[in-house]
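# Remarks on the overall topology
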Amino acid sequence: MFKVGPVHMFEKRFNELAARHLTRRLTPLHSGVGPVVEMAGRHILLLASNDYLGLAMHPEVIQSAIEATQRFGAGAGAARLISGSLPPHQELESALAQFKGTEAALTFSSGYLANIGTIPALIGLGGLILADRLCHASLIDGCRLSAADFRIYRHNDTSHLQSLLAKRRRARRTLIVTDGLFSMDGDLAPLPELSRLAQDYEADLYIDDAHGTGVMGPHGRGTAEHFGLDTQIPFQMGTLGKAFGSSGAYLAGPSTLIRYLMSTNRSFIFTTAPPPSSAAAVATALRVMQREPERRARLWANRERLFSGLTQLGFSLSHSVSPIMPILVGNAETALTFAENLFAEGVYAPAIRPPTVPDATSRIRVTVTSEHTPSHIDHALTAFQRAGQSVGLI
Ligand SMILES: *Cc1c(COP(=O)(O)O)cnc(C)c1O
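Residues numbered from 1 in each chain as written. Predicted model: local features only at pLDDT ≥ 70, side-chain atom pairs only at ≥ 80, totals over all residues. Heavy atoms only, no water.

### Things to note about the sheet that holds strand β2 (residues 42-46)
- An order of β1-β2-β11 is seen for the 3 strands of this open sheet, with the pairing classed as mixed. Looking along the sheet, the strands with just one partner apiece sit at the ends: β1 (36-39) and β11 (347-348). (Pairing = 2+ DSSP bridges. Helix = DSSP H or I, 4+ residues; strand = E, 2+ residues; numbered from the N terminus.)

Encoded structure:
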């Protein structure tokens, strides 16, 4: 039995959050992920998933997960460094290194874990971390877990970053931390300028390309490839639960770095290895992704169709240049009503509120995938028009 005291306190706090429209609840699906899903007993057009290339439900990807489970078991049975390094993990890490054009790669159970372990392993006491204000929560938590000092620079503001670099103590070890493609805004980090600043001020650059991997660049190698900087950024992290359709994360880089991280990164060391099925699924997803570049072409065509339709309707889509399109609303309550009205029209795109985004910047976060059809997108546009008018946004 709980003591009455704490329960009462949490109830009070929960009610305070609810009054500010900041409580959260699950929105369960009754089907797998896809362009159309089952929710609340209805078929709903899904504009919320990060399965950008439709690989989560790809028959070959699913088959390889089944086969890996049959051969290697439902779980790895131990941490990677104990006895949990199975053939699918090894194969995946070499395939990812090859894909990213690096000497080596290390995989993690999730992007959240990769960031909270890697950043403290890369920089500690005496160091300085400079992170973009809109960095993903896992990067911020990684920065907080490091013993280094930690400062925020204004979003994509390279002059602000430069002034912080110029002000620091001479020769102080510095790590610049940014998303490649920002998860809630859909805009890109100015990697060429960041990379130049890093060189000029002898800092290291860490990019989290969770949303860029598979999506950006001529071969889908990510935001660095998009900018032609493939080999110039030492620390490139990405996730395997988004365009790769499964789960996990990677860090790609020089083999010395990877060997060092294997011995020092706490979120790699002190956790059970990812299940063989997910490593095998990702390796297959990577092959399908490379073999079928038309998936990325469809993704971008869908993005253009939806983006231009929403813009013509009069929505403000911020600086989005990607399949992530935030419709800025401002107020959390209006964002929730907008999302409810969309749902009534048969479309699910979530309201994103603080603390995921800064105060007064609540939004509807819209994502498209390669699997949507032009008629799905036209249906979505009708729904957005009606729902947007009903909350007075357009
Ligand atoms: C989703 C995301 C993560 C977390 O990755 P998971 O594998 O879902 O834990 C980290 N960084 C960014 C930028 C993300 O968008």
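### Observations concerning the environment of Met237
- Tracing the sequence through the fold places Met237 in strand β8 (residues 235-239).
- Residues Met237 and Ala283, spaced 46 residues apart in sequence, show a C-alpha to C-alpha distance of 17 Å.
- Non-local contacts of Met237, meaning those with residues more than four positions away in its chain, are made with Gly111, Ala114, Asn115, Tyr206, Ile207, Asp208, Asp209, Ala210, Ala249, Tyr250 and Leu251. (Contact = heavy atoms within 4.5 Å.)

### A closer look at helix α12 (residues 276-291)
- Look at α12: 23 Å from first C-alpha to last across 16 residues, which is about the 22 Å you get at 1.5 Å a residue.
- Counted residue by residue, α12 has 13 buried out of 16 residues, so it is predominantly covered. (Expected span 1.5 Å × (residues − 1). Buried < 20%, exposed > 50% of the residue type's maximum accessible area, 1.4 Å probe, protein only.)

### Focus on the site of the ligand
- Not every one of the 14 residues close to the ligand is listed here, only the nearest: Gly111, Tyr112, Asp208, His211 and Lys242.
- Here an oxygen atom of the ligand sits 2.7 Å away from a polar atom, N or O, in the main chain of Gly111.
- A distance of 2.7 Å separates an oxygen atom of the ligand from a polar atom in the side chain of Lys242.
- Coverage of the ligand by the protein amounts to 82% of the 370 Å² it exposes when considered alone. (Near = heavy atom within 4 Å. Polar contact = N/O pair within 3.5 Å; in protein donor to acceptor, adjacent residues only side chain to side chain. Areas by Shrake-Rupley, 256 points an atom, 1.4 Å probe, with all protein chains shown as cover.)

### Section: the sheet that holds β8
- Reading across from one edge, β3-β9-β8-β7-β6-β4-β5 is the order of the 7 strands in this open sheet, with mixed pairing throughout. With one partner strand each, in any of the chains shown, β3 (104-108) and β5 (149-153) form the two edges of the open sheet. Direction aside, neighbouring strands of the sheet carry axes that sit 20° apart on average.
- Sheet topology note: the β3/strand β9 (residues 249-253) ladder contains 5 bridges and is antiparallel. (Axes fitted to C-alpha atoms, helices over the stretch in contact; angles between N-to-C directions.)

### Considering the domain arrangement of the protein chain
- Partitioning the protein chain into structural domains gives domain 1 (23-52 + 293-390) and domain 2 (59-291).
- Just the C-alpha atoms count here: the centres of domain 1 and domain 2 sit 26 Å apart.
- Buried area between domain 1 and domain 2, both sides added, is near 1700 Å², and the carbon and sulfur share of it is 59%.
- Among the residues of domain 1 in contact with domain 2, Tyr52, Arg296 and Ile324 are the three that bury the most area, contributing 30% of the side total.
- Put simply, domain 1 and domain 2 have 1 salt bridge between them.
- Measuring nitrogen to oxygen at the nearest pair gives 3.1 Å for the salt bridge that ties Arg363 to Asp185.
- If you look at where domain 1 meets domain 2, you find 9 residue pairs in polar contact (both at pLDDT 80 or more).
- Elements that contribute at least two residues to the side of domain 1 that touches domain 2 include exactly α13 (294-313), β10 (324-330) and β13 (362-367).
- If you tally residues by element for the side of domain 1 that touches domain 2, the top one is α13, at 5 residues. (Domains from an automatic or database assignment. Buried area = accessible area lost by both parts, 1.4 Å probe. Salt bridge = Lys/Arg side-chain N within 4 Å of Asp/Glu carboxyl O.)

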